[in-house]
Amino acid sequence: MAYADGELDLVARAEIEAAIARDPEVARAVERHRAVAARVRSAYDGVLGEPVPERLAALVAAPDSTPVADLAARREATRIAIGRWRLPPWVALAASVALGLFVGMLVMREPAAPYEEVNGAFVARGALDAALTSELASLPDNSGVAIGISFRDHDGDYCRTFHMHREASVSGLACRQGDAWKLQVLAAAPEHAGELRPAAAMPLAVLHAVDAAIEGEPLDAGAEAKARDAGWR
Amino acid sequence: MSRTSPVDEVRAQLAELLPRLRRFARVITRNVADADDLVQVSVEKALVRAEQWRPGSKLDSWMFGIMKNAWIDEIRARRRRERVHAPEEAGLGVGDASAAARDIALSVQAAMSRLPEEQRMAIALVLVEGLSYKDAAESLGIPIGTLTSRLARGREALQALLGGKAGAA
């Protein structure tokens, strides 16, 4: 197999070639390997000739100079246009400028900001911090913030999804680090008539962030209450 | 904007790699729509982490690794949401091959779709993408021995599924 794949060094190749010359069975085995490889390759070669979809080509095209103010609108537009399980670029978490801008805009627009930047990370403040710290998913919402699911991440830290409605509907994921809730992702949630959206209707970006972070299964109501009572440690 | 920044470099190389990324995605997802979504997610991830790519190293192996992880994440997420789709064989695309070539391609793709995920990835990297064993093992994050045994098992299964015709090709 390694010979057929061109993986062997010169000496090993020479030995195999001698074996092929001596033994037609070896020659046939090598031939079979190569034939399967050739068939598999040609079965997928057609893809190379297909035109690359515009949305993929656009991703790697030279960056445009869209003004900062348009970022959120542009992002929202691509999110809607693309759908399925694509990960919006701003899931790139705190490291990404996108989240910074998004949060930054919220912070600038709202006098009582629910977030604050601390050493490059975004930390929940005010009503959001209070809800993440003390609210349970099962309780009716009375703070403008609804808690979705709670779980432990790969480092054993607690994380919770939330949904809040202020000037805009926003869903997100925050994880407990030290004494603060650090925002992992924040996504505009489509407006929903009536009450707050249930956890099951989280924006894809939040779902993906949960999927990437979660270790095991979400906490059930009992475990959630216990974790809260223990201060999320 | 400097042409030598890592992001620009990755971006430029990715533009050329796109057809191959789409092909690799087609092999592992077995489905045109999922394949392009996978490419999109992976390219976005790569651009975000462009700083982690060592200039001069092989971008294709690096990308295949990102794609493999993204696909495994996606499969897990689907299982968690209990929305596992059956392979959509009707959605397989084989480009503009002639009718006869298309029949062969379909039977190869049907056979490939019956292989376990890990064997299909090994075959996609070595046989379809032409990566060396070393690069393929690195992409998948496994030792070379593991790669070659997956490759050997996958090949054996393929030969069996494709019947004796393999020797005649």
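Further up the page is the structure itself.
Conventions used here
Residues numbered from 1 in each chain as written. Chains lettered and ligands numbered in written order. Predicted model: local features only at pLDDT ≥ 70, side-chain atom pairs only at ≥ 80, totals over all residues. Heavy atoms only, no water. Helix = DSSP H or I, 4+ residues; strand = E, 2+ residues; numbered from the N terminus. Buried < 20%, exposed > 50% of the residue type's maximum accessible area, 1.4 Å probe, protein only. Contact = heavy atoms within 4.5 Å. Areas by Shrake-Rupley, 256 points an atom, 1.4 Å probe, with all protein chains shown as cover. Pairing = 2+ DSSP bridges. Polar contact = N/O pair within 3.5 Å; in protein donor to acceptor, adjacent residues only side chain to side chain. Core = buried A, V, L, I, M, F, W, Y, C linked by side-chain atoms within 4.5 Å. Phe/Tyr/Trp six-rings, centres within 6.5 Å; stacked < 30°, edge-to-face > 60°. Disulfide = S-S within 2.5 Å. Arc of directions from axis to C-beta.

K.L.:
Lay out the overall build of chain B in plain terms, naming residues and giving numbers.
P.N.:
In terms of helices and strands, chain B carries seven helices and zero strands. Mapped in sequence order, the helices and strands of chain B form the string α-α-α-α-α-α-α. Relative to its 169 residues, chain B shows a buried fraction of 51%. Pairs at least 24 residues apart make up 63% of the contacts formed inside chain B by residues separated by at least 6 positions. For chain B, the exposed surface amounts to about 7,500 Å²; the carbon and sulfur share of it is 52%.

K.L.:
With reference to specific residues and values, describe the pairing of strand β3 (residues 145–152) of chain A.
P.N.:
All names here are of chain A. Counting buried positions over the eight residues of β3 gives six, a clear majority of the element. Relative to strand β4 (residues 158–165), β3 runs antiparallel, the two sharing six bridges. Residue I147 lies in a different strand from β4, and its bridge partner there is F162. Between β3 and the antiparallel strand that follows it, β4, lie five residues; G156 among them carries a positive phi value of about 90°.

K.L.:
Please give an account of the environment of A46 of chain B that cites residues and values.
P.N.:
All names here are of chain B. Relative to the helices and strands, A46 resides in helix α2 (residues 32–48). For A46, a relative accessible area of 0% corresponds to the buried category. Expressed as a C-alpha distance, the spacing of A46 and I66, which sit 20 residues apart in the sequence, is 7.4 Å. In this structure, A46 is in contact with L14, W62, M63 and I66, ignoring residues within four places of it in sequence.

K.L.:
With reference to specific residues and values, describe the side chain of R78 of chain B.
P.N.:
Position of R78 of chain B among the secondary structure elements: in helix α3 (residues 59–80). In terms of polar contacts, R78 of chain B uses its side chain to reach the side chain of D34 of chain B, at 3.0 Å.

K.L.:
Could you give me a rundown of the nonpolar core, with the residues and numbers involved?
P.N.:
Proteins that are soluble and globular tend to have nonpolar side chains buried together. Core analysis: the biggest nonpolar cluster contains 57 residues, and V40 of chain A together with L14, L21, V43, M63, M112 and L147 of chain B have the highest contact counts within it. Among residues more than four places away in sequence, those in contact with V43 of chain B are L59 and V60 of chain A together with L14, L18, L21 and M63 of chain B. A124, L132, Y158 and L186 of chain A belong to the second-largest nonpolar core, a separate cluster that totals 18 residues.

K.L.:
Provide a residue-level description of the packing of aromatic side chains, including the pertinent values.
P.N.:
The tally for this structure, following the rule as stated, stands at three aromatic pairs over all chains. Note on W181 of chain A and W232 of chain A: the rings are 5.4 Å apart at their centroids and 70° apart in plane angle, and the pair reads as edge-to-face. One end of the pair, W181 of chain A, is in strand β6 (residues 180–188); the other, W232 of chain A, is in the segment after α8 (221–229), with 51 residues separating them in the sequence. Among the residues examined, W181 of chain A registers a relative accessible area of 0% and is labelled buried. Note on F24 of chain B and F64 of chain B: the rings are 4.7 Å apart at their centroids and 55° apart in plane angle, and the pair reads as tilted. You can see F24 of chain B sitting in helix α1 (residues 6–29) and its partner F64 of chain B sitting in helix α3, a full 40 residues away along the chain. The exposure class of F64 of chain B is buried, given its relative accessible area of 1%. An aromatic cluster is built from Y158, W181 and W232 of chain A, whose rings are joined through pairwise contacts.

K.L.:
Give a detailed account of the side chain of R23 of chain B, specifying residues and quantitative values.
P.N.:
With respect to the helices and strands, the residue R23 of chain B is situated in helix α1. Look past the residues within four positions of R23 of chain B in its chain and what remains in contact with it is Y44, D45, V47 and L48 of chain A together with V128 and E129 of chain B.

K.L.:
How would you explain the state of the cysteines if you had to name every residue and give the values?
P.N.:
All names here are of chain A. The full count for this structure, using the stated rule, is one disulfide over all chains. The disulfide that involves C159 links it to C175, with 2.0 Å between the sulfurs. The chirality of the disulfide connecting C159 with C175 is right-handed, given an S-S dihedral of about 105°. One end of the pair, C159, is in strand β4; the other, C175, is in strand β5 (residues 169–177), with 16 residues separating them in the sequence. Considered together, C159 and C175 belong to a single accessibility category, that of buried residues.

K.L.:
Go over helix α6 (residues 126–134) of chain A with me, naming the residues and quoting the values.
P.N.:
Of all the positions in α6 of chain A, only L128, A131 and L132 of chain A are classed as buried. Projected down its long axis, α6 of chain A carries its buried residues within an arc of 95°, all on one side.

Honestly, it's all geometry; don't read function into it.
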